[in-house]
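Here's the letter readout for the chains.
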Amino acid sequence: VSELSRRRLFAACGSLGALGLVAACTGSDDAPPGGATSAASPSAQPPLPSEAYRIDLHAHALPPVYQQALTSAGLTLLDGLPVPKWSPELALQFMTAHGIQAQVLSISTPQVTFLSGSSAVDAAREVNRYLGQLSRDQPRSFAALAVLPLPDVPAAVREARRALDEDGLQGVAVLSNHNGVYLGDPRFDPLWEELNGRGTYVYLHPEAPQQFPDIGIFPAAMEFVFDTTRSLATLAQKDVFRRFPNIRWQVAHSGGTVPFLASRISLAVPGFRETIQRLRYDTALSANEAAQAALRSVVGLDNIVFGSDFPFATVVYPPSGDPQPDLSASYSNTERLKLERENALREFPRLAQVLRA
Ligand SMILES: [Zn+2]
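Not measured: the values here are computed from a predicted model. (Residues numbered from 1 in each chain as written. Predicted model: local features only at pLDDT ≥ 70, side-chain atom pairs only at ≥ 80, totals over all residues. Heavy atoms only, no water.)

Chemist: I would appreciate a short explanation of the pattern of salt bridges in the present structure.
Modeler: A side chain of one charge can pair with a side chain of the opposite charge when the charged atoms of the two come close. Per the counting criterion, the structure on display carries 18 salt bridges. Note that arginine 198 and glutamate 194 form a salt bridge whose closest N and O atoms lie 2.8 Å from each other. Of the two residues, arginine 198 and glutamate 194 both sit in helix 6 (residues 189–198), four residues apart, roughly one turn of that helix. Its salt-bridge partner being aspartate 239, residue arginine 242 comes within 2.9 Å of it at the nearest N-O pair. The class of arginine 242 is exposed, set by a relative accessible area of 56%. According to the relative accessible area criterion, aspartate 239 is partly exposed, its value standing at 30%. (Salt bridge = Lys/Arg side-chain N within 4 Å of Asp/Glu carboxyl O. Helix = DSSP H or I, 4+ residues; strand = E, 2+ residues; numbered from the N terminus. Buried < 20%, exposed > 50% of the residue type's maximum accessible area, 1.4 Å probe, protein only.)

As C-alpha cells, then:
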C-alpha cells in the first residue's frame, strides 16, 4: 500500500469509525505492503460508507402552509417549472435512495416574496414554526434554515430573532434578490448586523432577476446562476463580508458562475476573488468536472459542501443510484467524505452532536 493510499485509508477509516461503520475498513488495514493495489487504481481507494452518510445542505421543503399560500396566489409554476411535490416522507425516501443521512431544509424561490405586509410576515412565521417542529420531531434527519419576510428588513430582523431563538432553526436562507433588492443594498445592513452578532449561517439561494430577455429557456437554467453571481458581487462591493465577518455564508450551485469569473469581477470589485474564497459552496446541479475544477481551484476543498436541490432537481437525477455520479470524477472517496459530510457537520455542530448521540 503506497503512502498516499495508506493516508487516505486511515483518514477515511477514522471518519467511518466515528460513524460506527468500522466494518467497512476491516481487512483493508491488513493489506500486505507492496500488494497489488496502487494509489492510481480504483481499488486503492477506501470505500465510501455503505450506510447513509451524506449531509445535504441544499434541500428544500414545501410545508403544507407554504404550498397553500402558493396555490392561493395562483402560483402553479415556479420560474417556469411545476411546483414539485414535497412531504417529510418523500424527502426521507429520497434520502434513503441516495445515501443522505440528514438534510438542512430551506425554502426555495420565491420564498415569501409573492406576499407583502403582514401576509408575508405571517407566512414566514408559520413556515418557520413548521420547520422547527419537524426538526424537533426528527432531529437525526432534518435541521432547517429560516425564511424571512424580505425585503422588509425590520420585519426580517424580528422574524430571524424569533425563528432562531424560539423555533431552534440553525440559520437563515436568503435569495440573490428580493423583489429586485440585492443583498449588498445598504437597506440590508441591519439584518447583517443582527446575524453577524449571532454568527449565523446564511444560505444564499438564487432567484431570477426582475427583468431578463425572453429567449425561450427557463430562467433557472441560466438566470439563477447569473443572479447568484450578481448578488455576491454586490455583497463584496459594499464590503459586507469584511464589515460582518461572523456570518457564515453558503452559496448555492457552486457559486453560480463566480469561480469561473472571480478574477474578472475583481477588476471591478477589488479583492473579490480573495473575499469569496472564505465562503462555502454546494455542489447542487454543479457536480460536473469543469465546474468542480474551477470551484476547487478558487475556494479549496474545505469550503465545498454537498447539496441535492431536492425536490426541484429530482427530475434530472437517475431513478436509482448516485444523484451526483460526476463527483467521483473530481474527488477521491476520502475527499468526497469530507465535502459530503465533514465540511457540513463542522458548520452545524448541533446536528453533528445529534448524529453522534
Ligand atoms: Zn434550490
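Chemist: Hey, could you run me through the environment of lysine 238 in this one?
Modeler: Within the secondary structure layout, lysine 238 lies in the loop between helix 7 (219–237) and helix 8 (240–243). With 53 residues separating them in the primary sequence, lysine 238 and aspartate 185 have C-alpha atoms 7.6 Å apart. Among all residues touching lysine 238, those that are not within four sequence positions of it are Gly184 and Arg243. (Contact = heavy atoms within 4.5 Å.)

Chemist: Can you help me understand the environment of serine 330 in this one?
Modeler: Here serine 330 shows up in helix 12 (residues 327–330). In the structure, serine 330 is positioned 40 residues away from alanine 290 in sequence and 8.8 Å away in space, judged by C-alpha atoms. With residues near it in sequence (within four places) discarded, serine 330 still touches Asn288, Glu289, Gln292, Arg296 and Glu335.

Chemist: Help me understand the side chain of asparagine 196, please; the structure alone is not making it clear to me.
Modeler: Within the element layout of this structure, asparagine 196 appears in helix 6. Within the structure, asparagine 196 has its side chain in polar contact with the backbone nitrogen of asparagine 246 (distance 2.6 Å). Ignoring any residue separated from it by four or fewer positions in sequence, one finds asparagine 196 in contact with Arg243, Phe244, Pro245, Asn246 and Ile247. (Polar contact = N/O pair within 3.5 Å; in protein donor to acceptor, adjacent residues only side chain to side chain.)

Chemist: Any chance you could explain the packing of helix 13 (residues 333–347) against helix 14 (residues 349–356) here in plain terms?
Modeler: Between two packed helices, the angle of one axis relative to the other and the distance separating the axes together describe the packing. Between helix 13 and helix 14, the shortest axis-to-axis distance is 5 Å and the interhelical angle comes to 115°. Residues Arg341, Leu345, Arg346 and Glu347 of helix 13 pack against Pro349, Leu351, Ala352 and Leu355 of helix 14. (Axes fitted to C-alpha atoms, helices over the stretch in contact; angles between N-to-C directions.)

Chemist: Please clarify how the coordination of the zinc ion should be interpreted in this entry.
Modeler: In an ideal octahedron of six donors the angles at the metal are 90 or 180 degrees, and in an ideal tetrahedron of four donors they are 109.5 degrees. Surrounding the zinc ion are the protein donor atoms His58 (NE2), His60 (NE2), His205 (NE2) and Asp309 (OD), which sit 2.1 to 2.4 Å from the metal. For the zinc ion, the four donor atoms are set out with angles of 85 to 172° between them, so the coordination reads as irregular. As a motif over one chain, the donors of the zinc ion read H-x1-H-x144-H-x103-D. Of this pair, histidine 60 sits in strand 1 (residues 54–60) while histidine 205 sits in strand 10 (residues 201–205), and the two are 145 residues apart along the sequence. (Donors = N, O, S within 2.8 Å, 3.2 Å for Na, K, Ca; no water. Tetrahedral: all angles 85-135°; square planar, octahedral: opposite > 155°, others 65-115°.)

Chemist: Explain the packing of helix 4 (residues 117–137) against helix 5 (residues 153–165) to me, please; I cannot follow it from the model alone.
Modeler: At a closest axis distance of 11 Å, the pairing of helix 4 and helix 5 adopts a crossing angle of 15°. Here helix 4 lies roughly parallel to helix 5, going by the angle between them. For the element pair helix 4 and helix 5, the recorded crossing hand is right-handed. Of the residues in helix 5, those in contact with Val121, Ala124, Arg125, Asn128 and Arg129 of helix 4 are Ala155, Glu159, Arg162 and Ala163. Partitioned by chemical class, the residues of the contact of helix 4 with helix 5 number four nonpolar, one polar and four charged. (Parallel < 35°, antiparallel > 145°, perpendicular 65-115°, else oblique. Left-handed = near helix turned anticlockwise from the far one by under 90°. Nonpolar A, V, L, I, M, F, W, Y, C, P; charged D, E, K, R; others polar.)

Chemist: Just to check I follow, could you spell out the nonpolar core for this structure?
Modeler: In globular proteins that are soluble, nonpolar side chains generally tend to be buried together. With 74 residues, the main nonpolar core has Leu191, Trp192, Trp249 and Phe272 as its most contacted residues. Sequence-distant contacts of tryptophan 192, defined by excluding residues within four places in its chain, comprise Leu183, Val202, Leu235, Val240, Phe244, Ile247 and Trp249. The next biggest cluster of nonpolar side chains, apart from the first, holds 17 residues, and it includes Ala143, Val305, Ala344 and Leu351. (Core = buried A, V, L, I, M, F, W, Y, C linked by side-chain atoms within 4.5 Å.)

Chemist: Any chance you could explain the sheet that holds strand 1 here in plain terms?
Modeler: Backbone hydrogen bonds hold the strands of a sheet together, and the pairing may be parallel or antiparallel. Read from one edge of the open sheet, three strands run 1-4-5, paired in parallel fashion. Of all the strands in the sheet, the pair left with one neighbour each is strand 1 and strand 5 (142–144). Between one strand and the next, the sheet's axes are offset by a mean angle of 25°, whatever the strand orientation. Bridging between strand 1 and strand 4 (residues 100–106) involves five bridges; their strand directions are parallel. Considered in strand 4, the bridge of isoleucine 55 is made with alanine 102. Where helix 13 meets the sheet, its contacts fall on strand 1 and strand 4, and the angle it forms with strand 1 comes to roughly 70°. (Pairing = 2+ DSSP bridges.)

Chemist: Help me out: how do you make sense of the environment of proline 209 in this one?
Modeler: You can see proline 209 is positioned in the loop between strand 10 and helix 7. With 27 residues separating them along the chain, proline 209 and tyrosine 182 place their C-alpha atoms 9.6 Å apart. Once residues within four sequence positions are removed from consideration, proline 209 is found in contact with Asn177, Tyr182, Glu223, Asp227 and Arg230.

Chemist: Looking at this structure, I do not really get the side chain of glutamine 324. What am I missing?
Modeler: Looking at the secondary structure, you find glutamine 324 in the loop between strand 13 (304–305) and helix 12. You can call glutamine 324 buried: its relative accessible area is 4%. For glutamine 324, the side chain forms a polar contact with the side chain of threonine 283, separated by 2.9 Å. Among all residues touching glutamine 324, those that are not within four sequence positions of it are Thr283, Ala284, Leu285, Ala287, Phe306, Gly307, Ser308 and Tyr317.

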